[in-house]
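# Summary of structural features
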Amino acid sequence: MNNSELKRHANDVRKGIITSVHSAKAGHPGGSLSAADVFTYLYFEELNIDSLNPSWDERDRFVLSKGHCAPGLYSTLANRGFIPVEDLVTLRKLGSYLQGHPCIEIPGIDMSSGSLGQGISAAVGMALGGQMDNKSFRVYTLLGDGELEEGQVWEAAMFAGFHKLDNLCVMVDNNDLQIDGHLEQVCSPYPIDKKFEAFNFHVITVNAHDFDELRAAFKEARDTKGMPTCIVLKSVKGKGVSFMENNADWHGKAPNDEEYAAAMAELDKIEAELEKAGEA
């Protein structure tokens, strides 16, 4: 898929995020938006998956370790054909299958997640199982940078490095903000790259919003043998909505009606610009 198509899909994913969180009057738009381009690249180009057969045994696996960013994953799954787009407005509603954190019963969800630090452990287990069974599938997991403050993350990393799980790709959404503010003001996990290297990971650092860089990084991860890969994604929290960008207040807050209209107007403008440039 070319970058023009990916940009269009990413903008649609962002619209779904804003729409679902506004409808729920709760949720986590900031980290969902910062990961929207990565979600898009994974589900529209990188992952070996089939929306018509979500439980296909040979599929690549994805675990959203930072499970509170479910609005981003749900919107991506909807735009990729796993679930109906119109169901996004039921986010967190009573009786809806789209709750605040991913559930394995949802088509396209490989692991229930939400308790920070646990998702990477599940992904490591999947990767080890695939290795032991001589399966060709790969396992991907996305962590938040604030999540790296959880000790369980490093237990999983140590295990993955020791077992040379080269079918595992760990991604860190490094937007530098968590619920209480900047990482260095809360409990700094830096240097992220050196820490993963110490646990025998191959580490790549890229711009999370550049599809060419993402494409090259994931190819490098696939080509790396004998060790797992960590891709550090330098991102902007709230990416795509100007008043949400680099603002920790939007970690876990829904837009009101006026803010929703303003956000959608910005995303509509991006869509129009893509169309005008012949990119949609």
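Residues numbered from 1 in each chain as written. Predicted model: local features only at pLDDT ≥ 70, side-chain atom pairs only at ≥ 80, totals over all residues. Heavy atoms only, no water.

## A word on the overall build of the chain
As a reminder of what qualifies: Each helix corresponds to a stretch of at least 4 residues labelled H or I by DSSP, and each strand to a stretch of at least 2 residues labelled E; elements are numbered beginning at the N terminus. The reference for a compact globule is 2.2 Å times residues^0.38; the radius of gyration itself is calculated from the C-alpha atoms. Think of it in three bands: residues with accessible area under 20% of the maximum for their type are buried, residues over 50% are exposed, and the middle band is partly exposed, with areas taken using a 1.4 Å probe on protein chains only. By the convention used here, residues are in contact when the closest approach between their heavy atoms is within 4.5 Å. For the area figures, the Shrake-Rupley method with a 1.4 Å probe applies, and any residue is considered shielded solely by the protein chains shown. In summary, the charge assignment counts Lys and Arg as positive and Asp and Glu as negative, without counting His or the chain termini. To locate a charge, take atom NZ for lysine, CZ for arginine, CG for aspartate or CD for glutamate.
Counting its secondary structure elements, the chain contains 10 helices and seven strands. The C-alpha radius of gyration of the chain comes to 18 Å, within 12% of the 19 Å expected for a compact globule of 280 residues. Seen through its principal axes, the chain has C-alpha atoms that stretch 50 × 45 × 40 Å. Residue burial in the chain is summarised as follows: out of 280 residues, 53% are buried. A separation of at least 24 residues holds for 75% of the contacts in the chain among residues at least 6 apart in sequence. Per element, the accessible surface of the chain, about 11,700 Å² overall, is 50% carbon and sulfur. Each charge class in the chain can be summarised by its mean position, and for the 26 positive and 42 negative side chains these summaries are 2 Å apart.

## Structural notes on the nonpolar core
Applicable threshold: By nonpolar core is meant a set of buried Ala, Val, Leu, Ile, Met, Phe, Trp, Tyr and Cys residues that side-chain atoms within 4.5 Å join together.
In terms of nonpolar packing, the biggest core is built from 53 residues, with Leu-42, Tyr-43, Phe-62, Met-171, Phe-218, Ile-231 and Leu-233 touching the most fellow members. If near-sequence neighbours (up to four positions away) are discounted, Ile-231 is found in contact with Cys-169, Val-170, Met-171, Val-172, Ile-204, Val-206, Ala-217 and Phe-218. Formed by 26 residues, the second largest nonpolar core is a distinct cluster that contains Leu-165, Leu-168, Val-170 and Ile-192.

## Section: the sheet that holds strand 6 (residues 202–207)
The cut-off we apply is this: Whether two strands pair depends on DSSP finding at least two bridges between them. Each axis is a line fitted through C-alpha atoms, and for a helix only the stretch in contact is used; angles between axes span 0 to 180 degrees, taken between their N-to-C directions.
Taking strand neighbours across the sheet as the criterion, the five strands line up as 1-2-3-7-6 in an open arrangement whose pairing is parallel. The open sheet has two edge strands, strand 1 (61–64) and strand 6, and neither has a second partner. Between one strand axis and the next, the sheet turns by 20° as a mean value, whatever way the strands run. Sheet topology note: the strand 6/strand 7 (residues 229–234) ladder contains six bridges and is parallel. Its bridge partner being in strand 7, Val-203 is matched across the sheet by Cys-230. Across the sheet, helix 3 (residues 36–46) touches strand 1, strand 2 (139–144), strand 3 (168–174) and strand 7, and the angle it forms with strand 1 is around 165°.

## With respect to the pattern of salt bridges
To keep things clear, this is the line we draw: Criterion for a salt bridge: a side-chain nitrogen of Lys or Arg within 4 Å of a carboxyl oxygen of Asp or Glu.
For the structure shown, the criterion picks out 13 salt bridges. Between Lys-15 and Glu-271 there is a salt bridge whose closest N-O contact spans 2.4 Å. Of this pair, Lys-15 sits in helix 1 (residues 3–24) while Glu-271 sits in helix 10 (residues 257–276), and the two are 256 residues apart along the sequence. Judged by relative accessible area, Lys-15 falls into the buried class, the value being 15%. By relative accessible area, Glu-271 is classed as partly exposed at 26%. Two residues, Asp-57 and Arg-61, come together in a salt bridge whose shortest N-O distance is 3.9 Å. Residue Asp-57 is classed as partly exposed on the basis of its relative accessible area of 42%. By relative accessible area, Arg-61 is classed as buried at 11%. Overlapping salt bridges, with partners in common, bring together Asp-57, Glu-58, Arg-61 and Lys-135 in one network.

## Some words on the packing of aromatic side chains
Describing an aromatic ring pair means giving the distance of the ring centres and the angle of the ring planes. Quick note on the threshold: Ring pairs are drawn from Phe, Tyr and Trp, using the six-membered ring of Trp, whenever the two centres fall within 6.5 Å, and their geometry is named by plane angle: stacked under 30 degrees, edge-to-face over 60, tilted for the rest.
A full pass over the atoms with the stated rule returns nine aromatic pairs. Between Phe-39 and Phe-62, the aromatic rings sit 6.2 Å apart at their centres with planes inclined by 85°, giving edge-to-face as the arrangement. Taken together, the residues Phe-39 in helix 3 and Phe-62 in strand 1 connect sequence positions 23 residues apart. We classify Phe-62 as buried; its relative accessible area is 2%. Between Tyr-43 and Phe-82 the ring centres are 6.4 Å apart and the planes differ by 90°, which places this aromatic pair in the edge-to-face class. Note that Tyr-43 is positioned in helix 3 and Phe-82 in the loop between helix 4 (70–79) and helix 5 (118–132), a separation of 39 residues in sequence. The pair Tyr-43 / Phe-82 is uniform in exposure class, with both members buried.

## Topic: the packing of helix 3 against helix 9 (residues 211–223)
When two helices pack together, their arrangement is given by the angle between their axes and by how far apart the axes lie. The test is simple: When describing relative orientation, an angle under 35 degrees is termed roughly parallel and one over 145 degrees roughly antiparallel, while 65 to 115 degrees is termed roughly perpendicular and anything else oblique. Here a crossing is taken to be left-handed if its near helix is turned anticlockwise relative to the far helix by less than a right angle, and right-handed if that turn runs clockwise.
At a minimum axis distance of 11 Å, the contact between helix 3 and helix 9 shows a crossing angle of 60°. With respect to helix 9, the axis of helix 3 lies oblique. Where helix 3 crosses over helix 9, the two elements pack in a sense that is right-handed. Of the residues in helix 9, those touching helix 3 at Asp-37, Val-38, Tyr-41, Leu-42, Glu-45 and Glu-46 are Phe-211, Leu-214, Arg-215, Phe-218 and Arg-222.

## Comments concerning the environment of Ala-198
With respect to the element layout, Ala-198 can be found in helix 8 (residues 192–198). What makes Ala-198 exposed here is its relative accessible area of 60%. C-alpha separation for the pair Ala-198 and Gly-161, spaced 37 residues apart in sequence, amounts to 9.0 Å.

## Re helix 1
Since one α-helical turn is 3.6 residues long, residues separated by three or four positions face the same way. The line we're drawing: Expected helix span is taken as 1.5 Å per residue step, with the number of steps being one fewer than the number of residues. As used in this structure description, the phrase polar contact means that two N or O atoms lie within 3.5 Å; if the pair is within protein, one of them must be able to donate a hydrogen and the other to accept it, and residues adjacent in sequence are counted only when both atoms belong to side chains.
Given a rise of 1.5 Å per residue, 22 residues ought to cover 32 Å, and the 31 Å separating the end C-alpha atoms of helix 1 matches this to within 8%. Where helix 1 starts, the residue carrying a side-chain oxygen 3.1 Å from the main-chain nitrogen of Ser-4 turns out to be Asn-2.

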